[in-house]
Amino acid sequence: MKYRKEKLERLARVAHLYYEENKTQGEIADMLRVSRPLVSRMLNEARSIGIVEIRVRSLTSTPEILTEHLCQTYGLHSSIVVPDEESDDVTHYAMAQRLLTYIYEQNPAVVGVGWGTVIGLAAKRLESIQVPPLSIQTICPLLGNSNVLSRQYHPDEHVRMFAEACGAQPVFLHAPAYTSSEADANIFRETAQYQAVLSQWKKLDLAVVEIHDDSIVQRTGYCGQANAVGYAAGYGMDTAGKMISLSYTIMRIPLDMLKRCRRIIGICTADTRIQALQSVLRAGLITDVLAPESVARQLVSKTQ
């Protein structure tokens, strides 16, 4: 059916008044001096010929909807969803840049960093950019260093790189993440270096951690815990989000100090298992999350 220009314009006007200006059908009828049933027929006609297109978006249709859903479901301050790039490596670089922006926005004084891929890339990125003036006074590690060569598992190295770029004071732990016994751990806890880090943990207002599964523990030198499906900041959680008592000793920030931190951002990589992320979220260990879009979509699909 062919429509005259005047009729198309009239249908478009009715659609505009109803859908964009939120006028009622009765109000439109009064404005145009026509009957309300005629307005209803005109709106139906506008939809049938494509002037109006109505779509129902799912909870996973856009990054904005994903972030809103995650915040509401898990009580997060913010959820940062980064679009997937052509490869995981490129996605992780984009996440590292977004992490730096997040840190700038929080304007923290004392920052604690953990270990992981995106944290390491963010530290590396700082070596090649001009960092704007920040309020950061001190950078400290959240746990000890691993016994593998990759520097992404050495929080002290992240501290050094962040501090140099930001002009902040670095405080190093100089201790292994894992110790063979509680007695060995107590030796480190008696050192002046540990006491210096402990004093910063008490004042921490931003913690940056990555979320991992058992593979992180295996990669850094120890076997995973039987019931733990997720790890963050050296703590293991089961599927319900309950903290697991580890069979080994790990040098890490005390849990009560971590939970007092104003903001704790948990970072997922492209290969983060959904069960690991869910366990950390259920534990209430993080206040914010940074995730690739694919991971966020999987998480939302599990809660629909």
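All figures in this text were calculated on a predicted structure; none of them were measured in a lab.

A. Up close: the overall build of the protein chain. The helix and strand tally for the protein chain stands at 13 helices and 12 strands. For 304 residues, the compact-globule estimate of 2.2 N^0.38 gives 19 Å, and the protein chain exceeds it by more than 25% at 26 Å. In terms of its C-alpha atoms, the protein chain occupies a principal-axis envelope of roughly 85 × 45 × 35 Å. In the protein chain, once contacts between residues fewer than 6 apart in sequence are set aside, the share between residues at least 24 apart is 68%. Surface accessibility of the protein chain: about 15000 Å² in total, with carbon and sulfur atoms responsible for 48%. The averaged location of the 32 negative side-chain charges in the protein chain is 8 Å from the averaged location of its 32 positive side-chain charges.

B. Local environment of the nonpolar core. Core analysis: the biggest nonpolar cluster contains 57 residues, and Leu-142, Trp-201, Leu-204, Leu-277 and Ile-286 have the highest contact counts within it. Element by element, the count of residues in this core is highest for helix H12 (residues 274–283), at 6 residues. Other than its neighbours up to four places away in sequence, Leu-277 contacts Ile-211, Cys-268, Thr-272, Val-289, Val-295 and Leu-299.

C. Region of the structure containing the packing of helix H1 (residues 5–20) against helix H2 (residues 25–32). Two elements in contact, H1 and H2, have axes whose closest approach is 10 Å; the angle formed by their N-to-C orientations is 135°. For the element pair H1 / H2, the angle class is oblique. In terms of crossing hand, the pair formed by H1 and H2 is right-handed. Residues Arg-10, Arg-13, Val-14, Leu-17 and Tyr-18 of H1 touch H2, and the partners they reach there are Gln-25, Ile-28, Met-31 and Leu-32. Within the contact of H1 with H2, the residues separate by chemical class into 6 nonpolar, 1 polar and 2 charged.

D. Structural detail: the packing of H1 against helix H3 (residues 36–48). Their axes nearest at 9 Å, the elements H1 and H3 cross at an angle of 105°. Relative to H3, the element H1 is oriented roughly perpendicular. Where H1 approaches H3, its residues Lys-7, Arg-10, Leu-11, Val-14, Ala-15, Tyr-18 and Tyr-19 are matched on the opposing element by Val-39, Met-42, Leu-43, Glu-45, Ala-46 and Arg-47. A per-class count over the contact of H1 with H3 returns 9 nonpolar, no polar and 4 charged.

E. Spotlight on the pattern of salt bridges. Applying the stated criterion across every chain, the model contains 11 salt bridges. The shortest N-O distance in the salt bridge between Arg-151 and Glu-127 comes to 4.0 Å. Residue Arg-151 is found in the loop between strand E3 (138–141) and helix H7 (155–166), and its partner Glu-127 is found in the loop between helix H6 (117–126) and E3; the two are separated by 24 residues along the sequence. Between Asp-288 and Arg-263 there is a salt bridge; the shortest N-O distance is 2.7 Å. Taken together, the residues span a long stretch of sequence, with Asp-288 in strand E12 (residues 288–292) and Arg-263 in strand E11 (residues 263–267) at a distance of 25 residues. Each member of the pair, Asp-288 as well as Arg-263, is classed as buried. In the salt-bridge network here, residues are joined through shared partners; they are Glu-127, Arg-151, Glu-157, Arg-160 and Glu-164.

F. Region of the structure containing H6. A large share of H6 lies buried, amounting to 7 of its 10 residues. Packing partners of the buried residues in H6 comprise helix H5 (88–106), H7, strand E6 (206–210) and E11.

G. Main features of the side chain of Asp-213. Mapping Asp-213 onto the fold places it in the loop between E6 and helix H10 (214–219). Note on Asp-213: relative accessible area 8%, which makes it buried. A polar side-chain atom of Asp-213 sits 3.2 Å from a polar atom in the side chain of Arg-273. The residues touching Asp-213, leaving out its near neighbours within four places in the chain, are Val-229, Tyr-231, Arg-273 and Ala-276.

H. Quick peek at unusual backbone geometry. One non-glycine residue with positive phi stands out, namely Arg-33, at about 60°. Along the polypeptide, Arg-33 turns up in the loop between H2 and H3. Although it is not a glycine, Asn-107 sits at a positive phi angle of roughly 55°. Following the sequence through the fold, Asn-107 ends up in the loop between H5 and strand E2 (110–113).

I. Highlighting the sheet that holds strand E4 (residues 169–170). Read across the open sheet, the 7 strands follow the order E1-E12-E11-E6-E2-E3-E4; overall the sheet is parallel. In this open sheet, the two edge strands, each paired with only one partner strand, are strand E1 (78–82) and E4. Lying on the sheet, H5 is in contact with E1, E6, E11 and E12; it crosses E12 at an angle near 160°.

J. Summary view of the packing of aromatic side chains. Scanning all chains against the criterion turns up 4 aromatic pairs. When the ring of Tyr-18 is compared with that of Tyr-19, the centres are 4.9 Å apart and the planes differ by 90°; the resulting orientation is edge-to-face. Judged by its relative accessible area of 31%, Tyr-19 falls in the partly exposed class. Here the aromatic cluster, defined as three or more aromatic residues joined through ring pairs, consists of Trp-115, Tyr-153 and Tyr-178. The ring of Tyr-235 has Arg-252 lying over it, and the distance from NZ or CZ to the ring centre is 3.9 Å.

What counts and how
Residues numbered from 1 in each chain as written. Predicted model: local features only at pLDDT ≥ 70, side-chain atom pairs only at ≥ 80, totals over all residues. Heavy atoms only, no water. Helix = DSSP H or I, 4+ residues; strand = E, 2+ residues; numbered from the N terminus. Rg over C-alpha atoms; globule rule 2.2 N^0.38 Å. Contact = heavy atoms within 4.5 Å. Areas by Shrake-Rupley, 256 points an atom, 1.4 Å probe, with all protein chains shown as cover. Lys, Arg positive; Asp, Glu negative; His and termini not counted. Charge placed at Lys NZ, Arg CZ, Asp CG, Glu CD. Core = buried A, V, L, I, M, F, W, Y, C linked by side-chain atoms within 4.5 Å. Buried < 20%, exposed > 50% of the residue type's maximum accessible area, 1.4 Å probe, protein only. Axes fitted to C-alpha atoms, helices over the stretch in contact; angles between N-to-C directions. Parallel < 35°, antiparallel > 145°, perpendicular 65-115°, else oblique. Left-handed = near helix turned anticlockwise from the far one by under 90°. Nonpolar A, V, L, I, M, F, W, Y, C, P; charged D, E, K, R; others polar. Salt bridge = Lys/Arg side-chain N within 4 Å of Asp/Glu carboxyl O. Polar contact = N/O pair within 3.5 Å; in protein donor to acceptor, adjacent residues only side chain to side chain. Pairing = 2+ DSSP bridges. Phe/Tyr/Trp six-rings, centres within 6.5 Å; stacked < 30°, edge-to-face > 60°. Lys NZ or Arg CZ within 6 Å of the ring centre and 35° of its normal.

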